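Overview (structure and organization)
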Amino acid sequence: MVFNPDFPKSDVQETAENPLLTYLQSQHPDVLATVAQSASSEIKEIISRNVQGLVGVLPSDHFDVQITTNRENLAGLLASAMMTGYFLRQMEQRMHLEENLSRTHSIDPN
């Protein structure tokens, strides 16, 4: 899943008031794809479960689920998923750093 830079172009005033959105729109699609692909499968799974928990999940083979919301609530859901992703990525990097540090400490310098 990659950010669609053309998503909010229908509301020019909102785009002008949102510097993050303006920044994202100015990025080359390859940059956005690279960033999106850098998330590990573990992070993607946690975000998926988080979003499913927020909107609810019913088995698609037994239910025809449709979710209706307004723009503000959808924006809040997207912001929550993005912040969760950033947080999880930082924690994953911290975990790897701590693992590497513990390995270097366990190596006998003699």
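Residues numbered from 1 in each chain as written. Predicted model: local features only at pLDDT ≥ 70, side-chain atom pairs only at ≥ 80, totals over all residues. Heavy atoms only, no water.

Check the secondary structure of the protein and you find five helices and zero strands. For the protein, the proportion of its 110 residues judged to be buried stands at 14%. Counting only carbon and sulfur atoms, one obtains 59% of the accessible surface of the protein, whose full area is about 9,100 Å². (Helix = DSSP H or I, 4+ residues; strand = E, 2+ residues; numbered from the N terminus. Buried < 20%, exposed > 50% of the residue type's maximum accessible area, 1.4 Å probe, protein only. Areas by Shrake-Rupley, 256 points an atom, 1.4 Å probe, with all protein chains shown as cover.)

Attention now moves to the packing of helix H4 (residues 41-55) against helix H5 (residues 71-106). Remark: H4 packs on H5, axes separated minimally by 10 Å, with the N-to-C direction vectors making an angle of 150°. Here H4 is positioned roughly antiparallel relative to H5, judged by the angle of their axes. Crossing angle aside, the handedness with which H4 passes H5 is right-handed. Taking contact as the criterion, the partners of Glu42, Ile43, Ile46, Ile47, Asn50, Val51, Leu54 and Val55 in H4 are, on H5, Leu77, Ser80, Ala81, Thr84, Gly85, Leu88, Arg89 and Glu92. (Axes fitted to C-alpha atoms, helices over the stretch in contact; angles between N-to-C directions. Parallel < 35°, antiparallel > 145°, perpendicular 65-115°, else oblique. Left-handed = near helix turned anticlockwise from the far one by under 90°. Contact = heavy atoms within 4.5 Å.)

What follows deals with the confidence of the model for the protein. Averaged over all residues, the pLDDT of the protein equals 77, while 83% of them reach at least 70. Considering each helix and strand of the protein separately, the mean pLDDT is smallest for helix H1 (residues 12-17), with a value of 60, and largest for H5, with 85. (pLDDT = per-residue confidence, 0-100.)

Here we come to a nonpolar patch on the surface. A contiguous nonpolar surface patch, about 540 Å² in accessible area, is contributed by Leu54, Val55, Leu58, Phe63, Val65 and Ile67. Its place among the elements puts Ile67 in the loop between H4 and H5. Judged by relative accessible area, which is 53%, Ile67 ranks as exposed. (Patch = residues over 30% accessible without salt bridge, like charges linked within 9 Å, V, L, I, M, F, W, Y side chains within 5 Å. Salt bridge = Lys/Arg side-chain N within 4 Å of Asp/Glu carboxyl O.)

Turning next to the environment of Val51. Topologically, Val51 is positioned in helix H4. The partly exposed category is assigned to Val51, whose relative accessible area is 25%. For the pair formed by Val51 and Leu78, sequence separation is 27 residues and the distance between their alpha carbons is 9.0 Å.

What the rule picks out here adds up to three salt bridges. The shortest N-O distance in the salt bridge between Arg89 and Glu92 comes to 2.8 Å. In this pair, Arg89 and Glu92 both sit in helix H5, three residues apart, roughly one turn of the helix. Since its relative accessible area comes to 28%, Arg89 is described here as partly exposed. Residue Arg94 pairs with Glu98 through a salt bridge whose shortest N-O separation is 3.1 Å. Taken together, the positions of Arg94 and Glu98, both in helix H5 and four residues apart, correspond to about one turn of that helix. For Arg94, a relative accessible area of 49% corresponds to the partly exposed category.

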